[in-house]
Each structure stands twice: as C-alpha cells, then as structure tokens.
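Here is how the chains run, residue by residue.
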Amino acid sequence: MKTWMKRTAYIGFILFLTGLITTAFQGRFTELSAGLCIAGLAAGSMLFVRRLSRNAGLYANVMLYSLFFVLTLFTIFVIVQRHPVVFDATKAKLYSISPLTRNFLGRLSQPVHITAFVTEAEKASVSDLLREYHRHSRQVTFDVFNPYREVTRAQRFGPTVVPGDAFVEALTTQSETLGRVVKVNKLNEEEMTNAIVQLLRNETITLYFLSNHGEMSLERNTASAMISGRRVTLDELDVLKQQLERNYIRVQPLNLAQRGRVPADASAIVCIAPQTDITSSEREAISSYLDDGGRAIFMLNPELQTVGGGSRMPLRNMAQMLEQYGVLLPPEMIVRENTRQRGGSGAATFNIPVALLRHPVTDVESGVPLIFTQARPVLSSRNPDPSIRVEPILTTAESAWLLSVDDVARAVLRGQKLSMPNDPKEQGIQQLGVAVTKRSAGQPDDKATRIVVVGSGDFIASSVIDQTSWMMFQRAVNWLSNAGDLVAIPATKIERTPMVLSPGQRQFLFLMLVIVAPALVGFLGLGYSLARRELQ
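Residues numbered from 1 in each chain as written. Predicted model: local features only at pLDDT ≥ 70, side-chain atom pairs only at ≥ 80, totals over all residues. Heavy atoms only, no water.

Caption draft 1: Summary view of the environment of isoleucine 429. Position of isoleucine 429 among the secondary structure elements: in the loop between strand S17 (427-428) and strand S18 (431-438). Once residues lying within four places of it in the same chain are set aside, the contact partners of isoleucine 429 are Thr395, Thr396, Ala397, Glu398 and Ser399. (Helix = DSSP H or I, 4+ residues; strand = E, 2+ residues; numbered from the N terminus. Contact = heavy atoms within 4.5 Å.)

Right under this line is the structure:
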C-alpha cells in the first residue's frame, strides 16, 4: 500500500477520535465535532481502497450481510419501542404503579380518558406515568398537552387551566362520548387512581366528625393555642383531613347539640378520642341515624385522668348506645409487661403492639407495625341481637393485662410505679376493635347498619399517624361506604436521588451507544478481516 494512503488513514483515525472527545466535553454533537468525525471516517476509508479493488465481490457480500444485520437490529428496535417491556430496577419502584392500582385497573370495565396539562419539561415524566395506566388497562387512554400552546384544548375544561391540572373523563362504552369529569389536583399515582374511582362512583363520600366533646380538632390550632396561652400540641386531625380530601372525600365537623340530627348526606359519622360523654339527646340522634342504616366510626381512648388535669369523663351514654349493637366498653385499660425496662419484670407499659385480624377494615398492605400508646378493651356482647354480627378486627399482638382505669389513674397521679398483676389468669390476648353489622330480615347488605369501634384514638393524630394507621382508617371508610375500590397508595420512599440527564447528555449517550459504538465494532471487524486476508 502506498505510504500516503496509510498516513491519510492514520490522520483520519486521529480526526475521528478528536471529534468524539470534543462531543464528550460539550455533551452533544456540534458542527465542528460532527465534521471531524465524518472527515475522520472518510480519511480512514483510504485504508481499504486498494483491497476493495481486488476483492470487490467478497466485500459486496460482506456489506450486504452487514446491511441485513443492521436492518434486523432496527426492526427489533422499532418493535420494542412500540411494544416496550418495562422493568423498574429501582429498589423503591419509583417508576412503577403499585399492585393496588394494577389490580384496580385490571377490573376496570368502563372507558376512561385522562387529559393532562403540563409544561414541556414535565411532558416526559407525566407521559411515562399515564403510559403505565394504559399498559395495565386498555380502557385508559390519555393525552398530554401544554396549556399555553394548546389553548383551545385547555379552554374546553375552563378558562383557568394551568400546568399541573389534569382531568379524568368517563366515556360511555357504546359511543365513548363524555359522561363525567373529575379534576386531578396533583399528577401522582394516588391522586390519579382515586380520581378514576371517584369518577365511576355514583355518589360523593361525606364524613361528619363529631365535635364539642373534646374530640381532636380537624384543623391545626397552633395559633389559637398560643394566643390563649394553652400548650401547643399536635393532637389534631389536620393530616388525616388532608389525606381524606386528596382522596375526594368531603370532611365536615358536626355539632349535634346545635344541629339536633345527623345530616342526610352523611356517608358516616366519626368520633375520635372524645374527652366528655355525649348527651342523652345526642345519643338518641346517633341511635336514630344508625337504626336507619347509618354508618359510624368510634375511636375511643381509655377514660384516664392524667397529670395536669386533662381528665376524660366516663362515656356512659356512649357505652350504653354501643351496647345496643353488641359492643361492650368496660372501664379498663390494657397494659403489658415491659421486659426491657431496668429493674426486671413486673414493670408495666402502655405501648401496645396491635395484631390485625382478617377483615376488609384491616386489609392493609404495609410493613409498619401498628402501636397503640393507650388502649382500652372493646369486647363483643355474649348474647347480641340475632340481627347483629360483631366481628373482632384488632387484638393485642402479645399477652397483656386488663387493669381498672381507677387503679391506673391513682398510680399515675401519685407518681407511683405501676406493677403487673400476679394472677396469670388475668393475662391473655385482649380485644381492641370490632366491626358491627346490623341487618334486618330482607334488608340488602348495602343498606345495613355498619359500625367500627376501636379502643384507641391517639394513633390517628397528626403527630403519630403513619402509613398503617392511615390505610386502616381508609379501609374502614371503604367498608362503611361500600367504596371497596377506593385506593390508599403507600407513599414511595425515595432512598437515593435519581440521576436526571439533560437533553444533550441523552443525545450524546444515544449516538455513542447506538451509532458510534456499533460503527467502531463494524470497522474493527472489517479491518481485522482485511488484515487476515492480506497475510494469506
């Protein structure tokens, strides 16, 4: 081979490497770097000119085989791109929808269309999320628009559509015309799934929280507490309220002493940690509501007087009302032996690990254990009315004792150490919660009275609420309101910050891995083949 051809080929190789290095530093191909790469490839081809003239037929066959191989790879690429097989390799499954959503979508029978309005920067991530919905159910279709560019499409949903808004539309199965629309306030899995549930549900769930008995407040009362000189606490339900409203559940306070009756639109009434008893007139109003097929949640703390005067009065009217539905509330408190405390056995603790029995209310998928800091027994009546079914749903996870509330209060107020009873007969698994169903003969199940009673209310306060307690409350609402499809998505725990590539970096990686690397392999293979033939 002539010397100038070899030198030209070497110069071409250097130009090609220079172009790649320049591209790597800039993060993308520029006119200069692309020109260097093309010039380098053109100059490097001089290495093969002389050999091509002697074996033109053989090299033509090699080129045809290479072309066939590249076209095969391109065909596979197009098939995979249109029918992708998704695998989420992140530990926390950041880019996958939860099993709860997948199960719900698998049972979806009505067409649903999602229209999301986002900025250009958010289009890719939102499209990936909605594509997961479509992948698990062909009933779900979607469009993603920029509201500032697609003004006409945005105005279809109102004059104030901004990036971040999404609308879920129910379509009729026959003509796929618009039926109903629900607005999604946040573009995440929980909001999107429950928007679909709310869309397909015939009625809105409305919960009325009883007030005026020292129950936990629905609003954060930090400012009012500071103004009035009271101690600022987080014994309120602000976090619970926000979670319920995110799931399209209306939350309203209810003062029965003023209103006199439960509103007709109530899906259920909720009473959490009252410190004083209901009145006789309130008891009659609640009983009348429940007897007419009403639903209720009662989460009741022990009637324990604490240091500082924060006493809880005996809930006699409440206990008598619940006894009519087969539920007993003895004036006792559950304690267990603290074997970790110094001083050996005999020390008592009020922290009670809870076991969740099999029931729709406790069908919770969470690895976080449920702990009650104070708990009272909730027992089933031995001889309930035949129309009443009382099902245990919560018990202590280990053996515990029942102590009189008076004995516990006396020891706490005097600052004495609370000792465990010596009689082993008083030890055992204690019942902490029940689900009650009262159905008259011939009455359909969706019209039956349903009640959930739990022997603690503090575990749902904003200061301690966790994934397990929230999901159990959500399941209780589902069971009471016959909204079995409503989904409580566990929050994704992000353990590490994901790497986000810029458009230029993505382009560079694509060109390097899809074009440059295969081209180098091809040229090296061709060069090796030519060298071997030359030696022969």
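The discussion continues.
Caption draft 2: Structural context of the packing of aromatic side chains. This model, assessed by the stated rule, comprises 5 aromatic pairs. With 5.9 Å between their ring centres and 70° between their planes, phenylalanine 117 and phenylalanine 157 make a pair best called edge-to-face. In this pair, phenylalanine 117 sits in strand S1 (residues 112-117) while phenylalanine 157 sits in the loop between helix H7 (151-155) and strand S3 (166-171), placing the two residues 40 residues apart along the sequence. For the pair shown, phenylalanine 117 and phenylalanine 157 are each scored as buried. Plain terms: the ring middles of phenylalanine 117 and phenylalanine 167 are 6.2 Å apart, the flat faces sit at 75° to each other, and that makes the pair edge-to-face. (Phe/Tyr/Trp six-rings, centres within 6.5 Å; stacked < 30°, edge-to-face > 60°. Buried < 20%, exposed > 50% of the residue type's maximum accessible area, 1.4 Å probe, protein only.)

Caption draft 3: Broad picture of the nonpolar core. Counting residues in each nonpolar core, the largest one holds 44 residues, and the members touching the most others are Leu207, Phe209, Leu240, Ile272, Phe372 and Phe473. Counting residues per element, this core draws most heavily on helix H15 (residues 467-481), which supplies 8 residues. The residues contacting phenylalanine 473, other than those within four sequence positions of it, are Leu207, Phe209, Leu240, Leu244, Val270, Ile272, Ile297, Met299 and Ile460. Ile286, Ala296, Val434 and Val453 belong to the second-largest nonpolar core, a separate cluster that totals 31 residues. (Core = buried A, V, L, I, M, F, W, Y, C linked by side-chain atoms within 4.5 Å.)

Caption draft 4: Highlighting the pattern of salt bridges. Under the definition given, this model contains 11 salt bridges. Salt-bridge contacts for arginine 153 lead to glutamate 150; the nearest nitrogen and oxygen are separated by 3.5 Å. Arginine 389 serves as the salt-bridge partner of glutamate 391, at 3.6 Å between the closest nitrogen and oxygen. Members of the salt-bridge network, linked through shared partners, are Glu120, Lys123 and Arg149. (Salt bridge = Lys/Arg side-chain N within 4 Å of Asp/Glu carboxyl O.)

Caption draft 5: Inspection of unusual backbone geometry at higher detail. Of note, asparagine 212 is a non-glycine position whose phi angle comes to about 80°, a positive value. When you line up the elements, asparagine 212 lands in the loop between strand S5 (205-210) and helix H9 (222-228). A relative accessible area of 54% means that asparagine 212 is categorised as exposed. Phi is positive for alanine 273, close to 55°, though the residue is something other than glycine. Looking at the secondary structure, you find alanine 273 in the loop between strand S7 (268-272) and helix H12 (280-291). Taking relative accessible area as the criterion, alanine 273 reaches 7% and is therefore assigned buried.

Caption draft 6: Local environment of the pairing of S18. Counting buried positions along S18 yields 7 of 8 residues, so the element is predominantly enclosed. The sheet contact formed by strand S15 (residues 388-396) and S18 spans 7 bridges and is antiparallel. Bridge pairing in S18 places threonine 395 opposite glutamine 431. (Pairing = 2+ DSSP bridges.)

Caption draft 7: Broad picture of the sheet that holds strand S12 (residues 352-356). The strand order S6-S5-S7-S8-S19-S18-S15-S12-S13 describes an open sheet built from 9 strands, whose pairing is mixed. With partners counted over all chains shown, the strands left at the sheet margins are strand S6 (249-254) and strand S13 (371-372), one partner each. Sheet contacts for helix H13 (residues 316-323): S7, strand S8 (295-299) and strand S19 (449-454); angle to S8, the most-contacted strand, approximately 135°. Relative to the sheet, H15 contacts S5, S6, S7, S8, S15, S18 and S19, its axis offset from that of S8 by approximately 155°. (Axes fitted to C-alpha atoms, helices over the stretch in contact; angles between N-to-C directions.)

Caption draft 8: A look at helix H5 (residues 99-106). Those residues of H5 lying buried are Leu100, Thr101, Phe104 and Leu105. Summarising the axial view, the buried residues of H5 lie within an arc of 130°, below the 170-degree limit, and thus occupy one face. Lining the buried residues of H5 we find helix H6 (123-136), strand S2 (140-145), helix H8 (189-200) and H15. (Arc of directions from axis to C-beta.)

Caption draft 9: Layout of the confidence of the model for the protein. Taken over all residues, the pLDDT of the protein has a mean of 78, while the share at 70 or more is 74%. Within the protein, the element-level pLDDT minimum falls on H9, averaging 49, and the maximum on S8, averaging 96. For residues 492-497, every residue scores under 50 in pLDDT, and the model assigns this stretch 6 contacts once sequence neighbours within four places are set aside. (pLDDT = per-residue confidence, 0-100.)

Caption draft 10: Representation of the side chain of arginine 283 in the model. Mapped onto the elements, arginine 283 comes out in helix H12. Of the side chains bearing the opposite charge, glutamate 284 lies closest to the buried arginine 283, which forms no salt bridge; the N-O distance is 7.3 Å. With near-sequence residues (within four places) excluded, arginine 283 lies in contact with Ile278, Asn317, Gln320, Met321 and Gln324. (Lys, Arg positive; Asp, Glu negative; His and termini not counted.)

Caption draft 11: Main features of a nonpolar patch on the surface. A cluster of nonpolar side chains, contributed by Phe13, Ile14, Leu17, Ile21 and Phe25, occupies part of the molecular surface with about 570 Å² of accessible area. With respect to the element layout, isoleucine 21 can be found in helix H1 (residues 3-26). (Patch = residues over 30% accessible without salt bridge, like charges linked within 9 Å, V, L, I, M, F, W, Y side chains within 5 Å. Areas by Shrake-Rupley, 256 points an atom, 1.4 Å probe, with all protein chains shown as cover.)

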